[in-house]
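The lines below spell out each chain.
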Amino acid sequence: MAKIASAADLKKFQEDYKAKVAARKDKILVNVSLATCSIASGGKAVMEAMKDEATKQGLSNVEFMQSGCMTYCHSEPTVVVTLPGKEPVCFGKLDDKSARELVQKYLKTGELVENVIPVNYVRVEL
Amino acid sequence: MEVAKKQLRIATRNCGFIDPENIEDYLGVRGYEALANAITAGTPAGVIDEIKKCGIRGRGGGGFPTGTKWGFAAANQADQKYVVCNADEGDPGAFMDRAVLEGDPHSVVEAMAICGYAIGASIGVVYIRAEYPLAIKRLVKAIDDARAYGLLGKNILGSGFDFDIELKYGAGAFVCGEETALIRSMEGSRGEPYTKPPFPANSGYWSKPTIVNNVETFANIPAILVKGADWFASIGTEKSKGTKVFALAGKINNTGLIEVPMGITLKEVIFEVGGGCPGGKEFKAVQTGGPSGGALTYKDADVQIDYDNLLAKNSMMGSGGMIVMDEDNCMVDIAKFFLDFTMDETCGKCTPCRIGSKRLYEILSKITHGQGTEADFEKLKSLAVNIKDTALCGLGQTMPNPVLSTMNTFADEYLAHVRDKKCPAGVCSDLLEIVIIPEKCVGCTLCARVCPVNCIAGKVKEAHVIDQAACIKCGACIDKCKFEAIVKK
């Protein structure tokens, strides 16, 4: 990786990053909360189940990522799914079965499943 | 579904949105831009002015204005200064700092470098509790990656500014979250506090000017510098700016982490963001400030949460734990719970805290076992006030707060324990009787079969009776009875 040697380098990196994000816009993004508490409540198993099910369903344009705390302790494990051109949707209280169902329904056909967590905050974006 | 958006996420802006182990994700959300702007185009005095102007106060609980603190350290001449991040989060039920470190470690790394530039320090140290292995792992990766990208180390971005960060691990002592004890522990001594002054900003780690800030304070800094002090100062109340992260725990529906603007009312936090108490139970109180704070009740529902309003209500902001209690919680028992914690965690250096906490606990224990008198009630109060006035550090001075606050707000509950020998919430087992209401009992024998000490007698289809002398008040029979025939009295 290239070192960032000046403020101009940083600007350039940000531009390149934007392009990288834009290139992902046709992908289904699955963001799995994997903080200590999310892992303890089964987050890693949910991620594995979703990866496995996505392969089984022949979905090849799914990209998985991990993130930290999504703040919803009451509904762990949680994942946020962003379908191409749609707003991100957060699903909670997942286990192996419901994670697979999430892939079969929302990821594949766009049909919502239960335990959608509504966005109850405004995020300050820089 | 449309819900009210009462929360505003500044310190936790990236938690759950970016991959904490990928520096590119952080750079992509304008990460390290605040640092780059400061060191290549700004001045240390400019940074400090901006932090002063935005009005942010320390998020660890003390609420000291961060910009002023930085100003003190910057004004001191020394061959070496230090930036310390206090990540020794230890309040029961609090996990704000862990969430930030596991979800957005780079924001803390960046902010520490900014602070180093502002005060003239080239070394940063994160004092983090060893019980947070994942936070440590992600923080170490963040520091390594930042170094690999040239955002830490020598001559950052060609500006001539050097800064690097190392980690020190806390071994689990609550008192080490107190800044002077933290510094002692970092130096390899016993984690015992010392009297201030000298304040760490003048003479701290290895007797050099040292800034100790909390994780959440640092996490706010890059956002403040990118969006501007005026933007930050426009959020919150007159004397408390910005937002505060709270960990909502206990008898609350939406357990979790919340970040709300200062000045939000307690009612909004508990009933709107938190969704009230589960099972239709009645909200009784919320403990803010953990073992150093106090209990607020429905009477305080309209209190606007900020540093000064909470102090005025005999509680405190603390680091952000909020433990919610419902009608089934006994306040004397709650006070005893927190005292049990502080009694374990006192370092033992000063007498009021070491012996005072033990004596407070003993009196509370006596009361919950039904052996308390009204004289104990008075003794409890005077001892608590004495400890508050005479203890050496923040831990000891605030340790009696849960007692004083619950005695103040729930005096009737204490008096019920000492005068009537009753626990109104039905928690203190020595003050309870579990009885079977004969009219409701159908004689199904279920209770007798579940009783672990076989103290329930009765024939089939006849009302049963509990032998009070043998009953251990476990409540198993209450849970089992299908006719609501067994009650606590």
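Computed from a prediction, not measured in an experiment: that's the story for all the values here.

As for the overall build of chain B
In terms of helices and strands, chain B carries 20 helices and 14 strands. In terms of C-alpha radius of gyration, chain B reaches 26 Å, essentially the compact-globule figure of 23 Å for 489 residues. The principal-axis extent of the C-alpha atoms belonging to chain B is close to 90 × 55 × 40 Å. For chain B, the residues scored as buried account for 55% of the 489 residues in total. Residue pairs in contact within chain B that sit at least 24 positions apart in sequence constitute 71% of those at least 6 positions apart.

Some words on helix H13 (residues 331-345) of chain B
Between its first and last C-alpha atoms H13 of chain B spans 21 Å; for 15 residues at 1.5 Å apiece the expected length is 21 Å, and the two agree. Turning to H13 of chain B, its buried residues are Met 331, Val 332, Ile 334, Ala 335, Lys 336, Phe 338, Leu 339, Phe 341, Thr 342 and Met 343 of chain B.

Quick look at the domain arrangement of chain B
For chain B, the assigned domains read domain 1 (23-233), domain 2 (243-326), domain 3 (331-418) and domain 4 (433-488). Distance from the C-alpha centre of domain 3 of chain B to the C-alpha centre of domain 4 of chain B: 36 Å.

Digging into the interface of chain B and chain A
Tallying the contact residues gives 47 residues for chain B and 32 residues for chain A. For the side of chain B that touches chain A, the element with the most residues is helix H5 (residues 96-103) of chain B, which contributes four residues. Here the residues of the side of chain B that touches chain A sort into 23 nonpolar, twelve polar and twelve charged. In this sheet, strand S1 (residues 7-9) of chain B lies alongside strand S6 (residues 121-123) of chain A in parallel orientation, the contact comprising three bridges. Bridging across to S1 of chain B, Tyr 121 of chain A finds its partner in Gln 7 of chain B.

Examining the confidence of the model for chain B
Mean pLDDT over chain B stands at 94; residues scoring 70 or higher make up 99%. With a pTM of 0.92, the predicted complex shows an ipTM of 0.95.

Focus: the sheet that holds strand S3 (residues 123-129) of chain B
Residues and elements named next belong to chain B. An order of S4-S3-S2-S5 is seen for the four strands of this open sheet, with the pairing classed as parallel. One side of each edge strand has no neighbouring strand; the edge strands of this open sheet are strand S4 (164-170) and strand S5 (210-214). The sheet shows a mean angle of 20° between the axes of neighbouring strands, taken without regard to direction. Of the pairings in the sheet, the one linking strand S2 (residues 82-87) to S5 comprises five bridges and is parallel in character. Of the residues in S5, the one forming a bridge with Cys 85 is Asn 213.

A closer look at the sheet that holds strand S5 (residues 116-117) of chain A
Residue and element names in this part refer to chain A. Strands sit in the order S2-S1-S3-S4-S5 across an open sheet of five strands; the sheet is mixed. Two strands close off the open sheet at either side, each with one partner strand: strand S2 (62-67) and S5. In this sheet, strand S3 (residues 79-82) lies alongside strand S1 (residues 28-33) in antiparallel orientation, the contact comprising four bridges. What sits directly across from Val 30, in S3, is Val 81. Each of S1, S2 and S3 is contacted by helix H3 (residues 43-56), which is oriented at about 160° to S1, the strand it contacts most.

Here's the deal with the environment of Ala 99 of chain B
Its place among the elements puts Ala 99 of chain B in helix H5. Classification of Ala 99 of chain B as buried rests on a count of 31 C-beta atoms within 10 Å. Not counting residues up to four positions away in its chain, the partners in contact with Ala 99 of chain B are Ala 35, Gly 68 and Cys 69 of chain A together with Thr 12, Cys 15 and Leu 257 of chain B.

Side note on the pairing of S3 of chain A
Both S3 of chain A and strand S4 (residues 89-91) of chain A contribute to a ladder of three bridges, which runs antiparallel. Residue pairing across strands places Val 79 of chain A opposite Phe 91 of chain A, the latter belonging to S4 of chain A.

Quick notes on the rules
Residues numbered from 1 in each chain as written. Chains lettered and ligands numbered in written order. Predicted model: local features only at pLDDT ≥ 70, side-chain atom pairs only at ≥ 80, totals over all residues. Helix = DSSP H or I, 4+ residues; strand = E, 2+ residues; numbered from the N terminus. Rg over C-alpha atoms; globule rule 2.2 N^0.38 Å. Buried ≥ 20, exposed ≤ 12 C-beta atoms within 10 Å, placed from the backbone. Contact = placed C-beta atoms within 7 Å. Expected span 1.5 Å × (residues − 1). Domains from an automatic or database assignment. Nonpolar A, V, L, I, M, F, W, Y, C, P; charged D, E, K, R; others polar. Pairing = 2+ DSSP bridges. pLDDT = per-residue confidence, 0-100. Axes fitted to C-alpha atoms, helices over the stretch in contact; angles between N-to-C directions.

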